[in-house]
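A look at the structure
The lines below spell out each chain.
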Amino acid sequence: MVPFRIALQASPPGQAIGNQSVRSLYLSLGLDQNPLQVFTAQLSPQGILSINPQPPQSPVKTSLIGTSQTPSAGNVSILFANLQKSNREDLLVRTLRVIDPLIDRVEVVVEGPISVPWVRMKTGSFIPLPLLGDGVFRTAAIALTMIDASPGVVLVDEIDTGIHYSALKSFWEMLTLVAKEYDVQLFATTHSRECVIAAHDALSGPDDLRLFRLERTEERDVEVFTFNSEQLDGALQLNLDVR
């Protein structure tokens, strides 16, 4: 484990931290190495956080999709247009058909400054992608974000949001295909046992899946339990709660 040095200081220096108000608060964090690199985080009374100097960017490209942070329709259009340039839009269509088999193809419609992805259905209907429901739109956003993050890491909160339980295994199979083809590592959270089972059934390789169960201890700490594919299989057969 790499040792850290942490220092907490009020502003102006020397002023006590307690019930008294301070103009700002500094947290200095540095690796205990020679030379010591220190980053100072300053929290102003207005709640604005600034870090100096700016930490170096991670060499790994990372994207986050939260439950309320799904990319907008405009951003999805841009990501899809980039996919079209490589002539791989069929990959997105196959992914979306896991949720709705009637989807025929996806197109980007530009109206003035706004571009929106539309879906041509096998029935002949032409529908804006966001109107097909949260499950279809979120699936498109996850798949396109993974492709755009190549090679890198994508984090998805509550990955099964909007996905019917009957489609979960196929959903995981398509995301696994995208992850392997575009060299992307996917981190996902869920509270759904059905989602965990579907992921286990879809990811057959011994090194394809790791499950991390977070459990709060009596001391209010958080303990992490790790399951590889074989251990997860045994836990599910014993009907243990691994969520």
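Read on for an overview of the structure. (Residues numbered from 1 in each chain as written. Predicted model: local features only at pLDDT ≥ 70, side-chain atom pairs only at ≥ 80, totals over all residues. Heavy atoms only, no water.)

Brief notes about unusual backbone geometry
Heads up, the rule is: Only runs of H or I of at least four residues qualify as helices and only runs of E of at least two qualify as strands under DSSP, and these elements are numbered from the N terminus. Classification of residues uses two cut-offs on accessible area relative to the type maximum, computed with a 1.4 Å probe and protein chains only: under 20% is buried, over 50% is exposed, and between them is partly exposed.
Here Ser150 and Pro151 are connected by a cis peptide whose omega angle stands at -15°. Residue position: Pro151 is located in the loop between α3 (134-148) and β9 (152-156). The phi dihedral of Asn87 is positive, around 60°, even though this residue is not glycine. Here Asn87 shows up in the loop between α1 (73-85) and α2 (89-97). Judged by its relative accessible area of 57%, Asn87 is exposed.

Overview of the side chain of His200
For His200, the position within the fold is in helix α5 (residues 193-202). For His200, a relative accessible area of 14% gives the class buried.

Some details on α1
We apply this condition: Expected span of a helix, by definition, is 1.5 Å for each gap between consecutive residues, and there is one gap fewer than residues. Here the arc refers to the set of directions running from the helix axis out to each C-beta atom. We call two residues in contact when some of their heavy atoms are within 4.5 Å.
Taking 1.5 Å as the rise per residue, α1 with 13 residues should run 18 Å; its terminal C-alpha atoms sit 19 Å apart, in good agreement. When we look at burial in α1, the residues that qualify are Val76, Ser77, Leu79, Phe80 and Leu83. Summarising the axial view, the buried residues of α1 lie within an arc of 170°, below the 170-degree limit, and thus occupy one face. For α1, the secondary structure elements touched by its buried residues are α2, β6 (103-111), β7 (114-121) and α3.

Let's talk about α5
Within α5, burial applies to Cys195, Val196, Ala198, Ala199, His200 and Ala202. Contacts from the buried residues of α5 go to α4 (168-181), β11 (211-216) and α6 (229-237).

Topic: the packing of α1 against α3
Put simply, the rule reads: To get an axis, a line is fitted to the C-alpha atoms, and for a helix only the part in contact is used. The angle between two axes follows their N-to-C directions and goes from 0 to 180 degrees. Roughly parallel means an angle under 35 degrees; roughly antiparallel, over 145; roughly perpendicular, 65 to 115; everything else is oblique. By the definition used in this description, the sense in which the near helix is turned from the far one sets the handedness, with an anticlockwise turn below a right angle giving left-handed and a clockwise turn giving right-handed. All residues other than Ala, Val, Leu, Ile, Met, Phe, Trp, Tyr, Cys, Pro, Asp, Glu, Lys and Arg, Gly among them, are scored as polar; the first ten of these are nonpolar and the last four charged.
Interhelical geometry of α1 versus α3 gives an angle of 50° and a closest axis separation of 10 Å. Between α1 and α3, the interaxial angle falls into the category oblique. Judged by the twist between their axes, the crossing of α1 over α3 is left-handed. Of the residues in α3, those touching α1 at Ala73, Val76, Leu79, Phe80 and Leu83 are Phe137, Ala141, Leu144, Thr145, Ile147 and Asp148. Residues of the contact of α1 with α3, tallied by class, amount to nine nonpolar, one polar and one charged.

Quick word on a negative patch on the surface
Put simply, the rule reads: Only residues whose relative accessible area exceeds 30% and that form no salt bridge enter a patch; like-charged residues are grouped when within 9 Å of one another, and nonpolar side chains (Val, Leu, Ile, Met, Phe, Trp, Tyr) when within 5 Å. Accessible areas in this description were obtained via Shrake-Rupley with a 1.4 Å probe; residue shielding takes into account the shown protein chains only. Any Lys or Arg side-chain nitrogen found within 4 Å of a carboxyl oxygen on Asp or Glu counts as a salt bridge. By the counting scheme adopted, Arg and Lys are positive, Glu and Asp are negative, and His together with the chain ends is not counted. The atom standing in for a charge is NZ when the residue is Lys, CZ when it is Arg, CG when it is Asp and CD when it is Glu.
A cluster of acidic side chains, namely Glu218, Glu219, Asp221 and Glu223, defines a negative patch on the protein surface. With respect to the element layout, Glu223 can be found in strand β12 (residues 222-227). For Glu223, a relative accessible area of 38% gives the class partly exposed.

Comments concerning the pattern of salt bridges
This structure, assessed with the given rule, holds ten salt bridges. Residue Arg94 pairs with Asp90 through a salt bridge whose shortest N-O separation is 3.7 Å. Pair noted here: Arg94 and Asp90 are both in helix α2, with a separation of four residues, about one helical turn. The class for Arg94 is partly exposed, based on a relative accessible area of 34%. Residues joined in a network through salt bridges with shared partners are Arg88, Asp90, Arg94 and Glu181.

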